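Structural characterization, general
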Amino acid sequence: MSPSVPLQEMIRAIRSARTQCEERGVIQRECAAIRAQFRQADNGGRSHNLAKLLYVHMLGYPAHFGQMECVRMIASPRYSEKRVGYLGAMMLLDEKQDASLLITNSIKNDLSHSNQYVQSLALCTLACMGSAEMCRDLAPEIDRLLRASNSYIKKKAALCAVHIVRKVHELGELFVPAARSLLSEKNHGVLHGAVVLIIELCEQNPETLERFRKTVPDLVQIMKGLVLSGYSPEHDVAGISDPFLQVRILRLLRILGRNNEGASDSMNDLLAQVATNTDSTKTVGNAVLYETVLTVLDIKSESGLRVLAVNILGRFLLNNDRNIRYIAMTSLQKIVGTDHNAVQRHRGTIVDCLKDQDASVKRRALELSLALVSASNIRSMMKELLLFLSSCPPELRAHAASGIFNAAERYAPSQRWHIDTMLHVLITAGGDVRDETVPNLIQLITNASELHCYTVHKLYRALLLDISQQSLVQVACWCIGEYGDLLLKGDCQETEPVQVTEDDALDALETVLQSHMSSPATRGFALTATMKLSTRITDNVDRIRSIVSIYGSCIDVELQQRAVEYNALFRKYDHMRAAVLERMPVIEKNSPGHTNGESTGEAVKDVPTAKMKQGEPLLLQQPANQVHRSDHPPGPAVDCLVSGLSVHAAGTAGGDLLDLLGGFEPAELSPVLAYDKGGVTLTLSCEKQSDTGLTVTLTASNSSDSDLSSFTLQAAVPKSVQLHMKAPSGDSLPARGTAKVTQMVVLNNPNKVNLKMRVRVSYTRQGSPFQDTVQIDSFPGLDSQL
Amino acid sequence: MTHSMRFLLLFSRQGKLRLQKWFTPMSEREKKKIIRDMTTMVLARQPRSCNFLHWKDLKVIYKRYASLYFCLAIENQENELIALEVIHRYVELLDKYFGNVCELDIIFNFEKAYFILDEFLIGGEIQETSKQMVNRSIEASDMLQETMEEYMSKPAF
């Protein structure tokens, strides 16, 4: 076909413009000329004028004045003009433009044109920008073409029908018979269109889907023909016969086999055949394999086939082509919940992908790796994850750090390992961790009493190396302040002994205080730590006194306030100083988002003020500690239980503290073990609400090594007793008691009968359901008659 | 309303648009924004990255052929690998038609690039899976145009 000279001349002129301004000038001139030409009568050059306008439009310039010209050209008897007219319509008109309605008639006429290439233009345009109205109007015509025309037209009509059905759902019913019969065509273009149409009809209407399920055997036959046929020059792509059609059919099979055993069964063999016979050396073969895998995993396939599919994904992970590795990861991510064990088999390869060059692959590998961490592989996985963290791209660090923390919390094999891991993360990526990390780590440290010496030494060393990571510095300061005596003692079994003098420790804290890298919060930590050391050292208390008094005139208001209060502690309240700066009690974790850690920093600060608003959360939320308190005699402030508080109680100035403690009466009675089997324990505690009312709290815990899901409790009581079960806190019980499930049951026993309760426990462990019943005859702390 | 493919864009390494095919209705403003976003995202990609991107709720498959980027947006549940084959098939069709196709061919004969595309894809779906069939259709249409020109003895273009 000879090129359009006028068009190409214009293009050349535009391209030779040296500046944007010059280009605009050329375009303006050309558009003016085009406009003039449009106004003239038919001069034989109309199509190249419109083509010029379309080019200008593609450069981003307005071209709406060409819309009517498109309408005129489409109505022209000349094929060349129709061709450009329809192209213009597809580029400039959409259903929102009024002018688009004007072409409906032309399309209608052209659909029945004697020349198939004219028909083709109309079909293409209708499928591209047909409005709902046009679709309704022309649907019967399309249906006619679907049944009685040549393959060239049928395949286009099929896709037109797809567009119509997407625009006007109700018209789907119209095309069902034609779609069904098109499946017996031999022409691949028509077959492909038919499959797409059927997919669309099934996705829109579940009833239609049911009807089309009968076509599964036909589809299986067609696929078999494609997979087993010899070389077909017409459709071959790198040894695969018509991969596009294969992928589409696999897609339809997926839709038909989903949630249906029968259909899934009948396609099992075929899928296995495709999975094993398809050549995977080229991308196109892998495209078919990929679609096969997606289908297998989505229908009700037998387990052998599923394993085959996951293994294909595993092979993909080793492929040189990073596209293939990437899609393998995304697919594995989707099934890591349902086919966990199968995916675990490929853990090694997945972890290797953490070192992949491609950022997208790395990201996927990180997510998958985190999903695959379990109690049995935590040590090796954490090594890899920490290695990854030290070299990972900055945009992934926050995600990696939080993932590591979660994994460490769930599966830490020992406290020391947990602390080491958290420290490692802080050293490597301290700037990217979330705010709660600092209090969480502090809480963890206080809980590991045997490791205080080890921890403070390790943190001190880290502090000497680098004071830029705020979260690390904050934890280090807190520990030095709290366990400074252990640091100075020097002998620690777990690390090499190092001599730390009082001056060394104070130097470290002062460096943090004075450094421009330290945030205000960090300096607060450092000042408080310095103050705490005043009761843990012997020789340099004067140095501390002077530091504190200097900061009494600090510009930062927060620091100034602290310094002033600590000054007061040195002067007026010196007799209280030892008690106030005593060792902290163990911080209990009450809920995930719990900010107790932050208030521990405040608690020491608050005590010396006259109002004594002390760390209320610390005391009130720990009734258990109240109980323990009376058992522990006041002793040296090394024990991390509440013995420190008992010293307060003895002191006169702690009067208000005592009141606070005295006023607190535990309303609950201690829990009783009601059930213990297979690692699952159920404890029961009661609270009397009234003469006849009672609230029972059931707490379930799982000390076994496997996670439990769908955990539910059901309860039954004697006839006259009213029972109301409140919603449980959750339904999953992770292994090793890392989280509990609680559920409250409200009972009312108006007739005061002998209270008994039968509780049924059900859960799923590794895919198998389990049920058991236990009878509770006595309720703790109550008489047998309420 | 979902189509397998949402749009196809061809642009140069300087971000100049050479072809745009939209498979769902969109306002001019939306189109311009998408073109800006796509060119920025794709041109920023490192040389040896994978050919898949995520953009809003779509997957964007892109591949560079000489000085042209082919950028195809597909629905989230579509098969990325076969989308790469679709792009490749279109390039092969252009190559057969123009003979060693290069960017200049597509610039100076953009309307033919569209005609070829319209014989390969319709409404965001593949209409013909055989290369030869598509080539034959294009040749026949061109022939029709020329014979009509001769018949009317006027240059149509």
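About the thresholds
Residues numbered from 1 in each chain as written. Chains lettered and ligands numbered in written order. Predicted model: local features only at pLDDT ≥ 70, side-chain atom pairs only at ≥ 80, totals over all residues. Heavy atoms only, no water. UniProt positions renumbered as here; feature names shortened; annotations may be inferred. Helix = DSSP H or I, 4+ residues; strand = E, 2+ residues; numbered from the N terminus. Buried < 20%, exposed > 50% of the residue type's maximum accessible area, 1.4 Å probe, protein only. Contact = heavy atoms within 4.5 Å. Areas by Shrake-Rupley, 256 points an atom, 1.4 Å probe, with all protein chains shown as cover. Buried area = accessible area lost by both parts, 1.4 Å probe. Salt bridge = Lys/Arg side-chain N within 4 Å of Asp/Glu carboxyl O. Polar contact = N/O pair within 3.5 Å; in protein donor to acceptor, adjacent residues only side chain to side chain. Nonpolar A, V, L, I, M, F, W, Y, C, P; charged D, E, K, R; others polar. Pairing = 2+ DSSP bridges. Axes fitted to C-alpha atoms, helices over the stretch in contact; angles between N-to-C directions. Parallel < 35°, antiparallel > 145°, perpendicular 65-115°, else oblique. Left-handed = near helix turned anticlockwise from the far one by under 90°. Expected span 1.5 Å × (residues − 1). Bend = angle between axes of the 7 residues up to and from the residue.

Under an unreviewed UniProt entry, the name given to chain B is AP complex subunit sigma, and the organism recorded is Gasterosteus aculeatus aculeatus. Its UniProt record gives chain B a comment under Subunit (unreviewed entry), which states: "Adaptor protein complex 1 (AP-1) is a heterotetramer composed of two large adaptins (gamma-type subunit AP1G1 and beta-type subunit AP1B1), a medium adaptin (mu-type subunit AP1M1 or AP1M2) and a small adaptin (sigma-type subunit AP1S1 or AP1S2 or AP1S3)."

Chain A carries the name AP-1 complex subunit gamma in an unreviewed UniProt entry, which gives Gasterosteus aculeatus aculeatus as its organism. Heading Sequence similarities (unreviewed entry) of the UniProt record for chain A holds this comment: "Belongs to the adaptor complexes large subunit family."

With that settled, the discussion passes to the overall build of chain A. Along chain A, the regular secondary structure elements total 38 helices and ten strands. Considering chain A as a whole, with its 786 residues, one finds that 55% of them fall into the buried category. Sequence separation of 24 or more characterises 65% of the internal contacts of chain A that already satisfy a separation of 6 or more. As displayed, chain A has an accessible area near 34100 Å², and 51% of this comes from carbon and sulfur atoms.

With that out of the way, let us pick up the interface of chain A and chain B. Each side of the interface is counted separately: chain A has 78 residues, and chain B has 73 residues. Here chain A packs against chain B, burying approximately 6700 Å² in sum over the two surfaces, 57% of which is carbon and sulfur. There are nine salt bridges connecting chain A and chain B. At the surface where chain A touches chain B, the tally comes to 23 residue pairs in polar contact (both at pLDDT 80 or more). Split into classes, the residues belonging to the side of chain A that touches chain B amount to 35 nonpolar, 21 polar and 22 charged.

All right, on to the pairing of strand 4 (residues 58–65) of chain B then. All names here are of chain B. Within strand 4, six of the eight residues are buried, which leaves it mostly tucked inside the rest of the structure. Relative to strand 4, strand 3 (residues 52–55) runs antiparallel, the two being bridged by four bridges. What sits directly across from W55, in strand 4, is L58. Counted between consecutive antiparallel strands, the loop separating strand 3 from strand 4 contains two residues, among which K56 sits at a positive phi close to 50°. Taken together, the eight bridges between strand 4 and strand 5 (residues 68–75) define a ladder with antiparallel strand orientation. If you follow R64 over to strand 5, its bridge partner there is Y69. The antiparallel hairpin formed by strand 4 and strand 5 contains two residues in its connecting segment, where A66 sits at a positive phi of about 55°.

Now for the sheet that holds strand 8 (residues 741–748) of chain A. Residues and elements named next belong to chain A. Reading across the sheet, the five strands line up as 3-4-5-8-7 and stay open at both edges, with antiparallel pairing between neighbours. Two strands lie at the open edges of the sheet, namely strand 3 (672–677) and strand 7 (722–725), each paired on one side alone. The sheet shows a mean angle of 20° between the axes of neighbouring strands, direction not considered.

Once that is clear, we can look at the sheet that holds strand 2 (residues 17–22) of chain B. To summarise the sheet geometry, strands pair through backbone hydrogen bonds and adopt either a parallel or an antiparallel arrangement. Residue and element names in this part refer to chain B. Strands sit in the order 2-1-5-4-3 across an open sheet of five strands; the sheet is antiparallel. In the strand order of this sheet, the two ends are held by strand 2 and strand 3, each with one partner. Neighbour-to-neighbour, the strand axes of the sheet open up by a mean angle of 20°, direction not taken into account. As paired strands, strand 1 (residues 5–12) and strand 5 are joined by seven bridges and run antiparallel to one another. Paired with M5 across the two strands is I74, which belongs to strand 5. Contacts from helix 4 (residues 110–120) reach strand 1 and strand 2 within the one sheet, and its direction differs from that of strand 2 by about 35°.

Okay, the packing of helix 30 (residues 520–533) of chain A against helix 31 (residues 541–550) of chain A next. All names here are of chain A. Running from amino to carboxyl end, helix 30 crosses helix 31 at an angle of 150°, the nearest separation of the two axes being 9 Å. Viewed along their axes, helix 30 and helix 31 adopt a mutual orientation that is roughly antiparallel. Between helix 30 and helix 31 the crossing geometry is left-handed. Across the interface between the two elements, L527, T530, M531 and L533 from helix 30 touch I544, I547 and V548 from helix 31. Taken together, the residues of the contact of helix 30 with helix 31 sort by class into six nonpolar, one polar and no charged.

Residues and elements named next belong to chain B. Position of N135 among the secondary structure elements: in helix 5 (residues 131–152). Residue classification places N135 among the buried residues on the basis of a relative accessible area of 14%. N135 has contacts with L93 and K96, leaving out every residue within four places of it along the chain.

A few words now on helix 16 (residues 261–277) of chain A. Residues and elements named next belong to chain A. Counted at 1.5 Å a residue, the expected span for helix 16 with its 17 residues is 24 Å, and the 24 Å between its end C-alpha atoms agrees. The largest bend in helix 16 is about 40°, located at N268. Among the residues of helix 16, A263, S264, M267, N268, L270, L271, V274 and A275 are the ones counted as buried. On its buried side, helix 16 packs onto helix 14 (216–228), helix 15 (243–257), helix 17 (283–298) and helix 18 (303–317). Near the N-terminus of helix 16, the side chain that reaches the backbone nitrogen of G262, with its oxygen 3.1 Å away, is that of N260.

One non-glycine residue, Q766 of chain A, lies in the positive phi region at around 50°. With respect to the element layout, Q766 of chain A can be found in the loop between strand 9 (757–765) and strand 10 (768–776). Even without glycine at this site, K56 of chain B takes up a positive phi of about 50°. Mapped onto the secondary structure, K56 of chain B falls in the loop between strand 3 and strand 4.

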